[in-house]
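# What the coordinates show
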Amino acid sequence: MSQFSADDEAELQSLLRHLLKSVKERISGAPSVECAEEILLHLEETDEHFHNYEFIRYLRHYVESVLGSVIEKETESCTSAEGQAVGSGQDTLVQTVTRKTRESNEYKKMVQSLKNTMMVVVESLINKFEEDQMRKEEMHRKNQHEQHSSHYTDNCSDSDSSFNQSYTFIKQEQLQVIAEKLDPSHPKEVRWDALQTLCCAPPSDVINCESWTILRKHLSAALADPDSAMSDKVLRFYAKTFSSSPLNITREIYTSLAKNLESDFLSRTMRIPTLTAGVDISSPDAARLLQKVRLLNEFQKEVPSFWIRHPEKYMEEIIESTLSLLTVTHEQSLRTTGSEKALEPVYFLAMLDIEATWFKKWMHGYYSRTVVLRLLEKKYKSLIVASLQQCIDYLESCSVYNDSISHVQHEQLIGTIRRTLYTGMELDYIYFVHSLCLLGRLLIYTHGRKLFPVKVKNRKDPVTLMDFIVMLIRIMYKHPNITISGISHADSLSPTSLVMEVLRTLCDRKECAIECIYTIPVIESLLSPIIALLKGKQVDFNRAETTLTHVADILARIATTERGLSLFLYEENNSSAEGESISAAHVIVQFTRKLLVEKIPALSESTTLTSLKGAFIFVCRQMYNTCEGLQVLKPYGLHDSIVQAWKKASSLSERVPTPVPGAISSSATQDLQNNMVWEETLLDNLLNFAATPKGLLLLQQTGATNECVTYMFSRFTKKLQVSRCEKFGYGVMVTQVAATAPGVVALQSSGFVKALVLELWSVLECGRDDVRMIHPKSTPMDPIDRSCQKAFLALVNLLSSYQAVYELISKQELPNKPEYPLREMPSSIIDIIDRLIIIDSDAKIHSLFNFEQSHTFGLRLLNVICCNLDTLLLLESQYKVSQILLNTQKENVTETSGNQGDFIIDGLSVERNHILVRVNLVGGPSERFLPPRALQKGIDPYPWPMFSSYPLPKSYIIEVPKKSASKQDSEICKFLASSKNSEKQTVWLEHCKKQFCKTMMTKPDAIRGNVLADLLEKIVMHRSVSTSECFFAATDYKAVDSSVKNQSLSSVDKLGIQISVRYGKYLNLLKEDSEQDLCLLMKHCKKFLVQQQAKVKSSLCCLQGGYPGYDWFASSVFLIMSGDKERALKCLLRFSNLLVSAFLWLPRLHASIHLPVEIAESGIHPVYSCTAHYIEMLLKIEVPLVFSAFRMSGFTPSQICQQWLAQCFWNYLDWTEICHYIATCIILGPDYQIYICIAVLKHLQQEILQHTQTQDLQVFLKEEAIPGFHVSNYLAYMERLEQTYRSMVLTDMRNIKLKIT
């Protein structure tokens, strides 16, 4: 059947003609031939009936008959071979068969035959079309001759928006005759004939003719003709012009129609309905008016899409004619008699466009908005006045409206089917909706808000922006609460919905919110019903719960912004139930607490109380998930109220019996579902306490941490948003939770850690599942591929804290299996260490598909987590990481005949070399050199020496510059030498502070060595003997070496002592035999601290014994005292009485008897819950860009600061700056610990912002030292912070011994 017969050609011709007729509308709408071709080419994609056309069916049958056998043959040949799978880079079965079929001779013959036949068919169709066209033209010429007219028909439209439309071209003389015939003085038949002829003329000819002025006047007269046929004909002419003409023509028609309508409302010739009588749309006059207005409104909504392409004067004419029409009032009307109010044009426009869509579109673009606002300000402000007046009138008549509308609620509602009569009250409401939408849109724009204040009648003072917003809120309180049925968008037209839409829009725009919402009167108006309920009063509106839920929505939107939150927290302009002046935050949290315990009589019997509770808890949540907000809300114990409500809801869920068919009614099932939703809502809100360090402690105290974290994990796996107000996901919250021991235990028990490890393994080793690879993946060029970057940062965030690492791996051995099946995936951090970091066997190497990439990933992770010195000591003590890396380096050499070959330089050996140097060297930015992890260009790509045993090559050790001994004639030395024991403690301490600050400002290098040791010794001694300075009770501890000599130290402590002694020798502070003295000091400290350790009941690993980390502060004091054990111990024992010891000396308060039992058992140190909390709080205020950078990166300032402070800035600052940090905190106060961290982050601002962009902020902060930072340079800045925040910060630091509420 490869050849076509004559019958086949005839059938094809018929089928093709039918296809073209079916798609005629699609083709005729194309602006060009090329576009028509495109439509036909893509017909299968755009036409759902494509495969049903007979022509297509015929072709399909023809192709199947010709190529069917070929396709079957090729399919069999491709699938016959057994064991062949389609792998990466191979064609699929379909592709192979298709390619071979197209290469066959049968296919080529079929295509050629089909092409030849279709050419004949198409040529035949074209010939027939031309014959038909010539026949039609001949008939047309005959008709023209018979009519003796000079008509000429053009098949093209006058514009590009109409296809195949005919117009009669008329000469100027004929248009002049038509204009004369349209004169109202002529008989109706003459005018009708003239109008008929005019409607056949192109609008462009009519508008541009010399008689247009007369024509326009007569067309307006025809519009007002009592004969509806005449006016309808004119309207059709106008509508035709609007749809088929460019703007330069349509604006003439539009302005003409607008002026005609304006004259209708101002003259006596047309009967305009009155407000009292209402509008019966079945009456001819009302119907005619609505037709005219509708035509205008349709054009109003369409014209903004193209008027920017035309001169501005055209647009201005349209806008001005519209505003002129809408500002016509019944006072201007010549028909107004007595007290009846004739309806104004705006009423009719509102009936057709109730939500003022036309105005919204006009205000959307800057091009038109500027014109609208300018005209409103200069000429037509009365439109704004009238709209505002309508809102005021509605507010004042709400109660009357409520009574009246309830009577007609089920009979005559807006939008119901077969409506003909609209009452005056309904028309007023329609106009109110239109006015509210118009004014709401106006408030969005700066120049729109500048139109306020507005002077209205019956009011002494103009209505300001705040007055209007307060008015809207009052409308929301007093609205009649009717639901309009019969239309799908009915609820959106209720007063509450309209007001809420305006308020939400304003809240979501910063400038609008500042001018309109963030004001005292508006906040007071929103809180007024809440304050009334707190005082036990009744609110004067129905459905209080629904209204209060809307209020909570607006309050939550306000609280999400910095300006709004500040307004809530610090503006004390609201009166409490006791009559005190308090801030909005206090009012909201008091109301929320009362809601939770159901102590509000007016709402206690409500069935919708649960949603109201959730709404107000959400408002509080926007405050307590910030440090400053929690500071204000903490005294109310909201976390306790929420957890009690959660426990109650949880117990109700547990009491529900097992579902049995027919046993539980639908209402009971619904109640169960509602209770489960409520339970999740409470958990969600409890979880958000974990957004801040102190909030996380509060959450831990509730006992619901595990449940909250499990809930977070369920949402995290579904990639759900934290809330509608949150811009970021759960990343920051996970990092915050992982900073504490109970938090990371909860993460592990929830399955989060396992899921994270599995996700890492899938992207690192497995690749994407079930994806056929046509092209192989490119070899990663970066040490960590972009596909693994997210998983890498998530692991860094999880393992950043030593507490997290300790809980996850302490006292756990590596699997070290003899064989690792390829399908076996790791599921814990121990597995990651075993499979990716400590690769010390062939079995581990062979278990990895991408050995180099995966091991590089593991070494990079090791490098980051080892930056925490405590984590480094733990890994060293448990797994001997350094020795394993050294052994691997020893094996990574070239094979030579000699004893030792050269090191092979590759990516892995360079990584190992860097880690080995990092873990062995201790020092600040100018005290150690770390080799880079990238090769250099040139002859020697890696000039730094590699090694396979310690000690390190000397090239990595920077010599400490020898500094001259401190001159004893410095002012600080003279002050210390002149101090007398008889001098009053307070006076001496003040003098010491001043002298210290002065020296730090002028000669900071003077405070070092013996001078520093003497200074710290004396300041500690003076403070410890002062009753006002002693915070902890003095403990009688006898420091006898013989009592501790037999005491053993942990392997972590031993390694820490070795590192400390090595650093002290490097600084020339210690002698060769100092290690024994430091061991004795550590034993004394441990014995002393164990005596003050409470017996706690906890499953946390970190609380099973003494402080799990190394005592870096005691080592620092030992170095300051130049290795003098007796002096260091004496200083530490005295220091332990001071408040500052709780924050500088972390082991001091580990599970301490000085802490409340609940806090001691929590495993959360005050350095985290207090110091880190205020670091985040002050950072947000003082260095907001840095705070935002942390939020964007998913990391927290508390994580890195906790690490810095735990190891006393070792490896991050030079020794001199570490000494200055310790001295500053001891002399000036423990709050300076916070100020120094703020100063460090401020110092690093540019680098932090840069690394936020490169998405490696946490890696940068942990791996890199802090070059160029000097405490003395920021002392003045820190003094300013002290003046601003000390009273708040120091008070909270002193409260660590109090039970948290």
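## What to know about the overall build of the protein
- The number of helices and strands found in the protein is 63 helices and six strands.
- Counting every position in the protein, which comprises 1301 residues, the buried fraction comes to 53%.
- Partitioning the intrachain contacts of the protein with sequence separation of at least 6 by distance along the chain shows that 75% fall at a separation of at least 24.
- Put simply, the protein shows about 60,900 Å² of open surface, and 51% of that area lies on carbon and sulfur atoms.

## Considering the packing of aromatic side chains
- All told, the structure shown has 36 aromatic pairs when counted by the stated rule.
- Centre to centre, the rings of tyrosine 347 and tyrosine 431 are 4.7 Å apart; their planes meet at 50 degrees, and the pair counts as tilted. Of this pair, tyrosine 347 sits in helix α16 (residues 345-352) while tyrosine 431 sits in helix α21 (residues 424-442); the two residues are 84 residues apart in sequence, bridging distant segments of the chain.
- By relative accessible area, which is 1% here, tyrosine 347 ends up buried.
- Pairing phenylalanine 1031 with phenylalanine 1032 gives two aromatic rings, centres 4.9 Å apart and planes at 85 degrees, and the pair type is edge-to-face. Neither residue differs from the other here; phenylalanine 1031 and phenylalanine 1032 are each classed as buried.
- An aromatic cluster of at least three residues, connected via ring pairs, comprises Tyr1063, Tyr1110, Trp1112, Trp1210 and Trp1215.
- Positioned above the aromatic ring of phenylalanine 1032, the side-chain terminus of arginine 1148 is 4.6 Å from the ring centre.

## So, the state of the cysteines
- Under the counting rule described, the total for this entry stands at zero disulfides.
- You can see cysteine 1208 has no disulfide; the closest cysteine sulfur is in cysteine 1225, sitting 9.4 Å from it.

## So, the pattern of salt bridges
- Inspection of every chain in the model, using the stated rule, returns 32 salt bridges.
- With its nearest N and O atoms 2.8 Å apart, the salt bridge here joins aspartate 264 to lysine 292. Taken as a pair, aspartate 264 in helix α13 (residues 247-266) and lysine 292 in helix α14 (residues 284-302) lie far apart in primary sequence, 28 residues in all.
- The class of aspartate 264 is buried, set by a relative accessible area of 2%.
- One salt bridge connects arginine 1286 with aspartate 1231, and the closest N-O pair in it is separated by 2.8 Å. With a gap of 55 residues between them, arginine 1286 in helix α63 (residues 1275-1294) and aspartate 1231 in the loop between α59 (1215-1228) and α60 (1232-1243) connect regions that are remote in the sequence.

## What to know about the side chain of glutamate 1263
- By secondary structure assignment, the location of glutamate 1263 is in helix α62 (residues 1257-1263).
- Only 2.7 Å separates the side chain of glutamate 1263 from the side chain of asparagine 863, close enough to count as a polar contact.
- Not counting residues up to four positions away in its chain, the partners in contact with glutamate 1263 are Arg860, Asn863, Val864, Cys867, Arg918 and Arg933.

## Brief notes about helix α25 (residues 510-517)
- Of the residues making up α25, those classed as buried are Cys512, Ala513, Cys516 and Ile517. End-on, the buried residues of α25 take up no more than an arc of 95 degrees, which puts them together on one face. Away from its buried face by more than 90 degrees, α25 exposes Lys510 and Glu511.
- Those residues of α25 hidden inside the fold are in contact with α22 (446-449), α23 (465-478), α24 (495-507), α26 (520-534) and α27 (544-559).

## Side note on the environment of alanine 738
- With respect to the helices and strands, the residue alanine 738 is situated in helix α36 (residues 731-738).
- Along the backbone, alanine 738 and glutamine 1199 are 461 residues apart, and their C-alpha atoms lie at a distance of 8.9 Å.
- In this view, alanine 738 contacts Val744, Leu747, Asn797, Leu798, Ser801, Ala804 and Gln1199; residues no more than four positions away in its chain are not counted.

## Description of α24
- Taking 1.5 Å of rise per residue, 13 residues should cover 18 Å, and α24 covers 18 Å from first to last C-alpha, within 8% of that figure.
- Every buried residue of α24 is accounted for by Pro495, Thr496, Leu498, Val499, Met500, Val502, Leu503, Leu506 and Cys507.
- Considering only its buried residues, α24 is in contact with α19 (381-396), α21, α23, α25 and α27.

## Considering unusual backbone geometry
- Cis geometry is adopted by the peptide bond preceding proline 453, which originates at phenylalanine 452 and carries an omega value of 0 degrees.
- In this fold, proline 453 is placed in the loop between α22 and α23.
- In this structure, proline 951 follows tyrosine 950 across a cis peptide bond, with omega equal to 5 degrees.
- The topology assignment puts proline 951 in the loop between α46 (907-920) and α47 (971-978).
- Phi at asparagine 458 is positive, roughly 65 degrees, even though this residue is not glycine.
- With respect to the helices and strands, the residue asparagine 458 is situated in the loop between α22 and α23.
- Judged by its relative accessible area of 77%, asparagine 458 is exposed.

## Quick look at the confidence of the model for the protein
- Confidence along the protein averages 85 in pLDDT terms, with 87% of residues attaining 70 or more.
- Throughout residues 81-90 the model reports pLDDT below 50, and contacts reaching past four residues in sequence, or to other chains, amount to ten contacts.

## Notes on the nonpolar core
- By size, the foremost hydrophobic cluster in this structure holds 402 residues, and its most contacted members are Phe468, Ile469, Ile517, Leu798 and Phe1209.
- Here the element with the most residues in this core is α21; it accounts for eleven residues.
- Beyond its immediate chain neighbours, meaning those up to four positions away, isoleucine 517 contacts Ile469, Leu503, Leu506, Cys507, Cys512, Val522, Ile523 and Ile558.
- Counting 20 residues, the second-largest nonpolar core is a separate cluster that includes Leu43, Leu67, Leu114 and Met118.

## Focus on the packing of helix α51 (residues 1074-1091) against helix α52 (residues 1112-1120)
- Where α51 meets α52, the closest approach of the two axes is 11 Å, and the angle between their N-to-C directions is 135 degrees. Considered as vectors, α51 and α52 are oriented oblique to each other. In this structure, the crossing between α51 and α52 has a hand that is right-handed. Between α51, through Ser1074, Asp1077, Leu1078, Leu1081, Met1082 and Cys1085, and α52, the contact on the second element is made entirely by Ala1114, Ser1115 and Phe1118.
- Tallied by class, residues from the contact of α51 with α52 come to six nonpolar, two polar and one charged.

## Remarks on the environment of isoleucine 838
- Inspection of the secondary structure puts isoleucine 838 in the loop between α41 (829-837) and α42 (842-846).
- Spatially, the C-alpha atom of isoleucine 838 lies 9.5 Å from that of lysine 880, the residues being 42 residues apart in sequence.
- Look past the residues within four positions of isoleucine 838 in its chain and what remains in contact with it is Leu814, Ile833, Lys844, Tyr879, Val881 and Ile884.

## A short note on the packing of helix α56 (residues 1166-1182) against helix α57 (residues 1184-1193)
- For the pair α56 and α57, interaxial distance at closest approach is 5 Å and the crossing angle is 120 degrees. In this view, α56 runs oblique relative to α57, as classed from their interaxial angle. Contacts between α56 and α57 involve Glu1176, Leu1179, Lys1180, Ile1181 and Glu1182 on the former and, on the latter, Pro1184, Val1186, Phe1187 and Phe1190.
- Across the contact of α56 with α57, the residue classes break down as six nonpolar, no polar and three charged.

## Quick word on the environment of asparagine 913
- Turning to its location among the elements, asparagine 913 is positioned in helix α46.
- Looking at asparagine 913, the relative accessible area reads 0%, which means it is buried.
- Counting along the chain gives 34 residues from asparagine 913 to phenylalanine 947, while the straight-line C-alpha distance between them is 7.5 Å.
- A distance of 3.0 Å separates the side chain of asparagine 913 from the side chain of tyrosine 956, its partner in a polar contact.

Rules of the game
Residues numbered from 1 in each chain as written. Predicted model: local features only at pLDDT ≥ 70, side-chain atom pairs only at ≥ 80, totals over all residues. Heavy atoms only, no water. Helix = DSSP H or I, 4+ residues; strand = E, 2+ residues; numbered from the N terminus. Buried < 20%, exposed > 50% of the residue type's maximum accessible area, 1.4 Å probe, protein only. Contact = heavy atoms within 4.5 Å. Areas by Shrake-Rupley, 256 points an atom, 1.4 Å probe, with all protein chains shown as cover. Phe/Tyr/Trp six-rings, centres within 6.5 Å; stacked < 30°, edge-to-face > 60°. Lys NZ or Arg CZ within 6 Å of the ring centre and 35° of its normal. Disulfide = S-S within 2.5 Å. Salt bridge = Lys/Arg side-chain N within 4 Å of Asp/Glu carboxyl O. Polar contact = N/O pair within 3.5 Å; in protein donor to acceptor, adjacent residues only side chain to side chain. Arc of directions from axis to C-beta. Expected span 1.5 Å × (residues − 1). pLDDT = per-residue confidence, 0-100. Core = buried A, V, L, I, M, F, W, Y, C linked by side-chain atoms within 4.5 Å. Axes fitted to C-alpha atoms, helices over the stretch in contact; angles between N-to-C directions. Parallel < 35°, antiparallel > 145°, perpendicular 65-115°, else oblique. Left-handed = near helix turned anticlockwise from the far one by under 90°. Nonpolar A, V, L, I, M, F, W, Y, C, P; charged D, E, K, R; others polar.

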